[in-house]
Amino acid sequence: MRRLLLFFLPLFLLLNTASVYAGPNLSVTDYLPPQCEGIKENVLRADLNRTIQDFFATETKFDFTAIVDRQWQVLNIDGAIDTGIDRAVSLVSSNAGLVNKFKSSWLPSKAEELTNEVTEIAFNSSVLKRKLNQLSSNVADEISDRLEVASAKSSSYGVDCLQQFINRQYSQAFVNVFSEKIQNSAPDSQDLVGSLRPDTVQFFQLHKFGLAGGAIFVTSKITKKVTSKIINRVMQQVGGRVLGRIGSTLIPVVGEVVGGVMLAGDLIKSFDGALPEIQKALKTTEVKQTIREGITNTVEEELRAESLQIGREISNEIYAEWLDFQQDYRDTLTLAGELPEFQELLAKNNNLSKISLLVGVSLNNMGRKQLITAIQDGSFERSLSLPEITYQMLETTHSLPSLIEWTNLAGNQIADVVNLELYKSLAPKDLDRSLLKEILNLKDADAIAKIAILNVNDIRKLLTISKPNLLLLSKDLSSEDLQRLAGYLGELERSEINQLVKFLLGDNSAIIKNSAVMTHIIQSRDINAALKFWETSESITSIPDGILNILTGAISWRLVGDRYGMTIISLFVGVPILLFSIVAIWLYRQWLKIRRWFQKSQPQPVVDESNIDRSGSSTEKPN
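Procedures and definitions
- Residues numbered from 1 in each chain as written.
- Predicted model: local features only at pLDDT ≥ 70, side-chain atom pairs only at ≥ 80, totals over all residues.
- Heavy atoms only, no water.
- Helix = DSSP H or I, 4+ residues; strand = E, 2+ residues; numbered from the N terminus.
- Buried < 20%, exposed > 50% of the residue type's maximum accessible area, 1.4 Å probe, protein only.
- Contact = heavy atoms within 4.5 Å.
- Areas by Shrake-Rupley, 256 points an atom, 1.4 Å probe, with all protein chains shown as cover.
- Polar contact = N/O pair within 3.5 Å; in protein donor to acceptor, adjacent residues only side chain to side chain.
- Core = buried A, V, L, I, M, F, W, Y, C linked by side-chain atoms within 4.5 Å.
- Patch = residues over 30% accessible without salt bridge, like charges linked within 9 Å, V, L, I, M, F, W, Y side chains within 5 Å.
- Salt bridge = Lys/Arg side-chain N within 4 Å of Asp/Glu carboxyl O.
- Axes fitted to C-alpha atoms, helices over the stretch in contact; angles between N-to-C directions.
- Left-handed = near helix turned anticlockwise from the far one by under 90°.
- Nonpolar A, V, L, I, M, F, W, Y, C, P; charged D, E, K, R; others polar.
- Arc of directions from axis to C-beta.

Asker: How should the overall build of the protein be read in this particular structure?
Answerer: Counting its secondary structure elements, the protein contains 36 helices and zero strands. Burial statistics for the protein: of 623 residues in total, 45% are counted as buried. Across the protein, every contact between residues at least 6 apart in sequence was considered, and the portion connecting residues at least 24 apart equals 79%. Total accessible area on the protein stands at roughly 31,700 Å², and carbon and sulfur atoms take up 52% of it.

Printed below as a string of structure tokens:
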């Protein structure tokens, strides 16, 4: 039974995608039961079940008498019965014997015995059995055609009823997605259209339905299962309830044959017994009508017995689809039932799949309170215009406004921002479009990942390096190394930056980890000389060159110390200075000696003491 429902249900949901309210040609609202208007969610299942069962019962009030009579005539069952009875009477007559036949004219018990023999032989003959089996099959097939249409109508009524409820309770967007969900679960409609019966196709065409969706599959399976069940039961009942009653209760020949006193002529005829009367009575219209009525009643009773169950299974299948839909869109349905703002949003935006996706991601990464705030302040609605790929950023940003900012900044490159996970290390407020474009234009995920975790100022400095060189450096340098490099670049001119990059790319990238060496290189007056000095082979003969650079001021003396160690530098610098100092001191001392000698070799001036005394006396004051 469930298979048949799976055949019809998706078709009607697909056919009504445009809503039961979109227009008269898109639904079967001409037949929509008025009970649908008052259905509430807490009694949805019970009301849906009752409505479909009542409707299906009404739709299956077929004219069973006309159906049986029509197939009876087509198969000429009257002739088959007559032929079967004639053969049975002939066989019983030849086997009964003269005495038994004579007794049947006078003894009711013997007449009844012969009657039962005739009916048993006649209605169990292979010819008549085939005819009656074919009759049952034809009747069931015709009913099956009508059952398919009734199932189609009942399914459509149930779907229309449910869609009306969904639209009234939530929005048209939910109706559309519900229909789409069922459609997507259906088999290929082109392979199933051919299985529809003509009356079912006509029903679709009259109500402007397209022939698509999995509903075809559902109704086909239900009808086949019900039809097979009814055929089996009809055959059993025809054999047991109908044909079994013909000899014992349906043919009143015994009383007519044995009643009254026979005339002399009848006495002669009585040697054939009651068989002629039995033959005549079994071939009467009344007997055949009794058989037809028995078959008709059996078919109707069996269908009535199945009617409620069919309606219930149609209802259950439709309701099960609604439960699945509720599970898939539970959070979205809850918000629609609670927030008027969300209902207004749904009325304007029919992309329920995207809405539900954003609801789920937001709840998981922002929480219900923040989601409700986003719905009320409009940021949720604005986020619906963003590519779905941006919703991944909520796992890190936990903010819908952040998604909007990133999209405004990145424009059509937002997918690259998401795929490269730039949002995990950078904030849109720290960037401008030009800088973001430069980062993305590197087009190397590993390089971008290393650079993106740096602060924006360092990123800007690194981007002053040509793209090919920066990509090469990023392969050898870690993020920490790149950060150190960025710190040095701020102190250099363009030509010096180029010299440093060339140096690092020349198998010298490891030096970036030595902050002392890098600092001494940068502090050197001639960076090119400092880099060349560091690249020279470390040998005793290179020390003088380093010392010469120190003496000329080209490089920092600390850089030479970094290369050779201060002990060696002290020896190479200190010893000459010491020697120079010793020589200088010796020369100074020699100069002093020469000076004293020279002074001694010069004649001394003579002093006139008289002049001194005179001079002294002349200055004396008198007492």
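On we go.
Asker: Hey, could you run me through helix 23 (residues 400–410) in this one?
Answerer: The periodicity of an α-helix, 3.6 residues per turn, causes residues three or four places apart in sequence to face the same way. Among the 11 residues that make up helix 23, eight are buried, leaving the element largely enclosed by the rest of the structure. Those residues of helix 23 not exposed but buried are Leu400, Ser402, Leu403, Ile404, Trp406, Thr407, Leu409 and Ala410. Buried residues along helix 23 sit against helix 19 (352–365), helix 20 (368–377), helix 21 (379–383), helix 22 (394–397), helix 24 (414–419) and helix 25 (433–440). Between a side-chain oxygen at the N-terminus of helix 23 and the backbone nitrogen of Ser402 the separation is 3.3 Å; the capping residue is Ser399. Taken from the residues just after helix 23, Gly411 is the one with a positive phi, measuring 60°.

Asker: What is the right way to look at the nonpolar core in this model?
Answerer: With 134 residues, the main nonpolar core has Trp322, Phe380 and Trp406 as its most contacted residues. Looking at this core, the element that brings in the most residues is helix 7 (residues 126–169), giving 12 residues. Contact partners of Trp322, with chain neighbours within four places excluded, come to Glu41, Leu44, Leu162, Phe165, Ile166, Tyr170, Phe178 and Leu333.

Asker: Just checking my understanding: could you explain the side chain of Asp481 for this structure?
Answerer: The residue Asp481 is located in helix 29 (residues 479–489) in this model. Here Lys513 takes part through its side chain, which lies 2.8 Å from a polar atom of the side chain of Asp481.

Asker: Before we go on, may I ask you to explain a nonpolar patch on the surface in this structure?
Answerer: Taken together, the side chains of Val583, Trp586 and Leu587 define a hydrophobic patch exposed on the protein surface, amounting to about 310 Å² of accessible area. Along the polypeptide, Leu587 turns up in helix 35 (residues 566–601). Here Leu587 falls in the partly exposed class, since its relative accessible area comes to 45%.

Asker: Can you help me understand the environment of Glu148 in this one?
Answerer: Along the polypeptide, Glu148 turns up in helix 7. Here the alpha-carbon distance between Glu148 and Asp199, two residues 51 residues apart in the chain, equals 8.3 Å.

Asker: Even after reading the chapter, I still don't get unusual backbone geometry, so can you show me in this structure?
Answerer: Note: most peptide bonds trans; most residues except glycine with negative phi. The phi dihedral of Asn76 falls on the positive side, at around 50°, and the residue is not glycine. Note on Asn76: relative accessible area 47%, which makes it partly exposed. Positioned with a positive phi, Glu421 is a non-glycine residue whose angle comes to about 60°. As for its placement among the helices and strands, Glu421 is situated in the loop between helix 24 and helix 25. Accessibility expressed as a relative area gives 38% for Glu421, which makes it partly exposed.

Asker: Looking at this model, I keep getting lost on the packing of helix 18 (residues 340–348) against helix 19. Mind explaining?
Answerer: For any two helices packed against each other, the geometry is given by the interaxial angle and the distance between the axes. Interaxial distance between helix 18 and helix 19 falls to 10 Å at its minimum, and their mutual angle equals 145°. The interaxial crossing formed by helix 18 with helix 19 has right-handed handedness. Contacts between helix 18 and helix 19 involve Phe342, Leu345 and Leu346 on the former and, on the latter, Leu352, Ile355 and Val359. Among the residues forming the contact of helix 18 with helix 19, the class breakdown is six nonpolar, no polar and no charged.

Asker: Help me understand the pattern of salt bridges, please; the structure alone is not making it clear to me.
Answerer: Between side chains of opposite charge, a pair can form as their charged atoms come close. Applying the stated criterion across every chain, the model contains 15 salt bridges. Here Arg330 and Asp331 are joined by a salt bridge, their closest N and O atoms 4.0 Å apart. Measuring nitrogen to oxygen at the nearest pair gives 3.2 Å for the salt bridge that ties Glu421 to Lys424. With relative accessibility at 46%, the residue Lys424 sits in the partly exposed group. Overlapping salt bridges bring together Arg70, Glu142 and Arg146 as one network.

Asker: Help me out: how do you make sense of the environment of Ala88 in this one?
Answerer: Among the structural elements, Ala88 can be located in helix 4 (residues 77–96). Classification of Ala88 by relative accessible area gives buried; the value is 1%. Between the C-alpha atoms of Ala88 and Ile121, which are 33 residues apart in sequence, the distance is 5.5 Å. Filtering out sequence-adjacent residues up to four positions away, Ala88 remains in contact with Val118, Ile121 and Ala122.

Asker: Please clarify how helix 20 should be interpreted in this entry.
Answerer: Residues of helix 20 that are buried: Leu371, Ile372, Ala374 and Ile375. For helix 20, the arc enclosing every buried residue in end-on projection is 160°, short of the 170-degree limit, so these residues lie on one face. Elements in contact with the buried residues of helix 20: helix 17 (330–338), helix 18, helix 19, helix 21 and helix 23. Directly after helix 20, the chain includes Gly378, whose backbone phi takes a positive value near 95°.

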